[in-house]
Each structure stands twice: as structure tokens, then as C-alpha cells.
Amino acid sequence: MAYHRRGGNKKKKSRQVQGDEVIRVPLPKEGQVFGIIEQALGSGWMDVRCSDGKIRRCRIPGKLKRRMWMRVGDVVIVQPWEVQSDERGDIVYRYTRTQVDWLLRRGKISQDFISGGELLF
């Protein structure tokens, strides 16, 4: 008995075309900050150095955990928790290398922030 497959491309469709076309890169919304993953702790938890100068212990929600790998050095968007906003947060999005290059060219993040020197601005 043959089973029919439903659906199509499961990957999130986004336009990242070089040249004169638009590149859609999500930016942090109000209350969210840029971050760099410093250490993987296991069980979906990471230590993330955020652009506001704090190191937060962030969790990866199951939606992202099943979809993509997070590694040390990745640039992410962090949503701080309402209760322990200085200590904890959620990782909302992980940038690809191409998107990080775009953020650097546009001045959204600095090379010092990525290398661990200074903060965002």
C-alpha cells in the first residue's frame, strides 16, 4: 500500500538575493536584543552575551530546537524574560552567515561585538 506525501518544501521561505533585490532579515523588536552564543550548556540551554552588556542563560524553544542547530559563536535574537530579565531569556531567531554579513554592512552590529571586544554601540 502506497502512502501519499502531502505538503511541499518544509523550509521557511525567505528571500536572500544579492544585488539590487531586497534581503529580508528580521531585526530585534521592542524588548529584544542581539546576542552571541558563548557556551552550550545542554538540554536546550545556552549562555548568551547580549548587546546590552548582560550574559543571560537562554533556552531554545522546541520550535527552534527541532528546526535548526545552535552553535557557539552564532548571532541570535534574545527575548529577555519578564520575571528575571537580567538573567534569563529565550532565543527567538538565529542568523545565518550571510545575514550576519548584511547586519555588519548596514551597521546594525559591529565587528567588536562579534569578536567579543565591545558591545553593540
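The present account deals with the structure reproduced in this document. These numbers were taken from a predicted model, which means no experiment stands behind them. (Residues numbered from 1 in each chain as written. Predicted model: local features only at pLDDT ≥ 70, side-chain atom pairs only at ≥ 80, totals over all residues. Heavy atoms only, no water.)

With respect to the pairing of strand 2 (residues 45-50)
Every other side chain in a regular strand lies on the same face of the sheet, so the side chains alternate between the two faces.
Argument step 1. Most of strand 2 sits out of view: 5 of its 6 residues are buried.
Argument step 2. Inspection of the sheet shows strand 1 (residues 33-42) paired to strand 2 by 6 bridges, in the antiparallel sense. Along strand 2, the bridge assignment pairs Ile37 with Val48.
Argument step 3. Between the antiparallel neighbours strand 1 and strand 2 lie 2 residues, among them Ser43 with a positive phi of about 55 degrees.
Argument step 4. Bridge analysis of strand 2 against strand 3 (residues 55-59) gives 5 bridges, and the strand direction is antiparallel. (Buried < 20%, exposed > 50% of the residue type's maximum accessible area, 1.4 Å probe, protein only. Helix = DSSP H or I, 4+ residues; strand = E, 2+ residues; numbered from the N terminus. Pairing = 2+ DSSP bridges.)

Some remarks on the packing of aromatic side chains
Argument step 1. Summed over all chains, the structure comprises 3 aromatic pairs.
Argument step 2. Aromatic pair Trp45 and Trp81: ring centres 6.2 Å apart, planes at 70 degrees, arrangement edge-to-face. Taken together, the residues Trp45 in strand 2 and Trp81 in the loop between strand 4 (75-80) and strand 5 (88-94) connect sequence positions 36 residues apart.
Argument step 3. One aromatic cluster is present, built from ring pairs that chain together Phe34, Tyr93 and Tyr95.
Argument step 4. The ring of Phe113 has Arg49 lying over it, and the distance from NZ or CZ to the ring centre is 5.4 Å. (Phe/Tyr/Trp six-rings, centres within 6.5 Å; stacked < 30°, edge-to-face > 60°. Lys NZ or Arg CZ within 6 Å of the ring centre and 35° of its normal.)

Notes on the side chain of Arg94
Argument step 1. Take Arg94: it is sitting in strand 5.
Argument step 2. Looking at Arg94, its side chain comes within polar contact range of the main-chain oxygen of Trp69, at 3.1 Å.
Argument step 3. For Arg94, the residues in contact, after removing those within four places along its chain, are Met68, Trp69, Met70, Arg71, Asp74, Val75, Val76 and Gln99. (Polar contact = N/O pair within 3.5 Å; in protein donor to acceptor, adjacent residues only side chain to side chain. Contact = heavy atoms within 4.5 Å.)

None of the figures reported here should be taken as evidence of function without further support.
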